Amino acid sequence: MASVREPPPRLSPASPGITTMSGFVEADLPPGFLLGLWDCQDLVLCLNHVLCVTEIGMGLTGFGVFFLFFGMILFFDKALLAIGNVLFVAGLAFVIGLERTFRFFFQKHKVKATGFFLGGVFVVLIGWPLIGMIFEIYGFFLLFRGFFPVVVGFIRRVPVLGSLLNLPGIRSFVDKVGESNNMV
């Protein structure tokens, strides 16, 4: 007669565990997971938890970008820009994890960029949206300039967008952005 197997215990916020799974998102692993005491079903539960956190982060980041864009369209509405800033930074922390977010923003060679970006967020929050967004945009370009060549290379492979980037006026600007040697 086959033995009846009990379902694995569910993950709860109170369960102790090890952090940093796959280096992407911090998630609590059940005790004994790394010792091989858990089977494939339990691994699926843990991976579902990690995927849910990442999906929440992508949603928060998307809403943050939407609110930032909408706030700029509506003549720098400070409430929308403040909500967009908070959602964007929170979403980034959900997607890559708190530790990696902290390490990304506070590297020695990115102190100036982080100062401008977070200073711009602060200036927007205290009520000066135009000045704050200028600081934020400058800090954003300094922070993420290492990603621009990758993004330009990807967009050039997209059928319609790639042909738009090859237009005479746009091509020289895109070539300048795409040849950046500063890595993240």
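Residues numbered from 1 in each chain as written. Predicted model: local features only at pLDDT ≥ 70, side-chain atom pairs only at ≥ 80, totals over all residues. Heavy atoms only, no water.

A.B. asks: Is there a simple way to explain the side chain of T101 in this structure?
C.D. replies: As for its placement among the helices and strands, T101 is situated in helix α3 (residues 98–105). Judged by its relative accessible area of 8%, T101 falls in the buried class. Once residues within four sequence positions are removed from consideration, T101 is found in contact with L92, A93 and I96. (Helix = DSSP H or I, 4+ residues; strand = E, 2+ residues; numbered from the N terminus. Buried < 20%, exposed > 50% of the residue type's maximum accessible area, 1.4 Å probe, protein only. Contact = heavy atoms within 4.5 Å.)

A.B. asks: How should I be thinking about a nonpolar patch on the surface in this particular structure?
C.D. replies: A contiguous nonpolar patch, built from F122, I126, W128, L130, I131, I134 and F135 and spanning about 740 Å² of accessible area, is present on the exposed surface. For the nonpolar patch, the elements supplying multiple residues, two or more each, are α4 (111–126) and α5 (129–144). Per-element accounting of the nonpolar patch gives the leading share, four residues, to α5. Take I134: it is sitting in helix α5. On the accessibility criterion, I134 (52% relative accessible area) is exposed. (Patch = residues over 30% accessible without salt bridge, like charges linked within 9 Å, V, L, I, M, F, W, Y side chains within 5 Å. Areas by Shrake-Rupley, 256 points an atom, 1.4 Å probe, with all protein chains shown as cover. Salt bridge = Lys/Arg side-chain N within 4 Å of Asp/Glu carboxyl O.)

A.B. asks: Got a minute to help me understand the side chain of N85 in this structure?
C.D. replies: Residue position: N85 is located in helix α2 (residues 78–96). When sequence neighbours within four positions are dropped, the list of residues in contact with N85 reads L68, V121, V124 and E136.

A.B. asks: Would you mind showing me how to read the packing of aromatic side chains here?
C.D. replies: The geometry of two aromatic rings is summed up by the distance between their centres and the angle between their planes. All chains considered together, the criterion is met by 14 aromatic pairs. When the ring of F66 is compared with that of F70, the centres are 5.6 Å apart and the planes differ by 10 degrees; the resulting orientation is stacked. Of this pair, F66 and F70 both sit in helix α1 (residues 40–73), four residues apart, which is roughly one turn of the helix. Among the aromatic residues, those joined into a cluster by ring pairs are F88, F104, F105, F117, F140, F141, F144, F147 and F148. (Phe/Tyr/Trp six-rings, centres within 6.5 Å; stacked < 30°, edge-to-face > 60°.)

A.B. asks: Explain the packing of helix α6 (residues 148–157) against helix α8 (residues 168–178) to me, please; I cannot follow it from the model alone.
C.D. replies: When two helices pack together, their arrangement is given by the angle between their axes and by how far apart the axes lie. The contact between α6 and α8 brings their axes to 8 Å, and the two run at 135 degrees. Accordingly, the angle class assigned to the pair α6 and α8 is oblique. Listed contacts from α8 to F148, P149, V152 and R156 of α6 are R171, V174, D175, V177 and G178. Taken together, the residues of the contact of α6 with α8 break down into five nonpolar, one polar and three charged. (Axes fitted to C-alpha atoms, helices over the stretch in contact; angles between N-to-C directions. Parallel < 35°, antiparallel > 145°, perpendicular 65-115°, else oblique. Nonpolar A, V, L, I, M, F, W, Y, C, P; charged D, E, K, R; others polar.)

A.B. asks: Before we go on, may I ask you to explain the pattern of salt bridges in this structure?
C.D. replies: Opposite charge on two side chains permits them to pair, given that their charged atoms come into close proximity. The tally for this structure, following the rule as stated, stands at three salt bridges. Of the charged contacts in the structure, one is a salt bridge between R171 and D175, with a shortest N-O distance of 3.9 Å. Of this pair, R171 and D175 both sit in helix α8, separated by four residues, roughly a single helical turn. For R171, a relative accessible area of 40% gives the class partly exposed.

A.B. asks: Looking at this structure, how should I read the nonpolar core?
C.D. replies: Side chains of nonpolar character tend, in soluble globular proteins, to be buried together. Ranked by size, the top nonpolar core spans ten residues in total: F88, L92, F104, F105, A113, F117, V121, L142, L143 and F144. Looking at this core, the elements with two or more residues in it are α2, α3, α4 and α5. L81, A82, V124 and M133 belong to the second largest nonpolar core, which has five residues in total. (Core = buried A, V, L, I, M, F, W, Y, C linked by side-chain atoms within 4.5 Å.)

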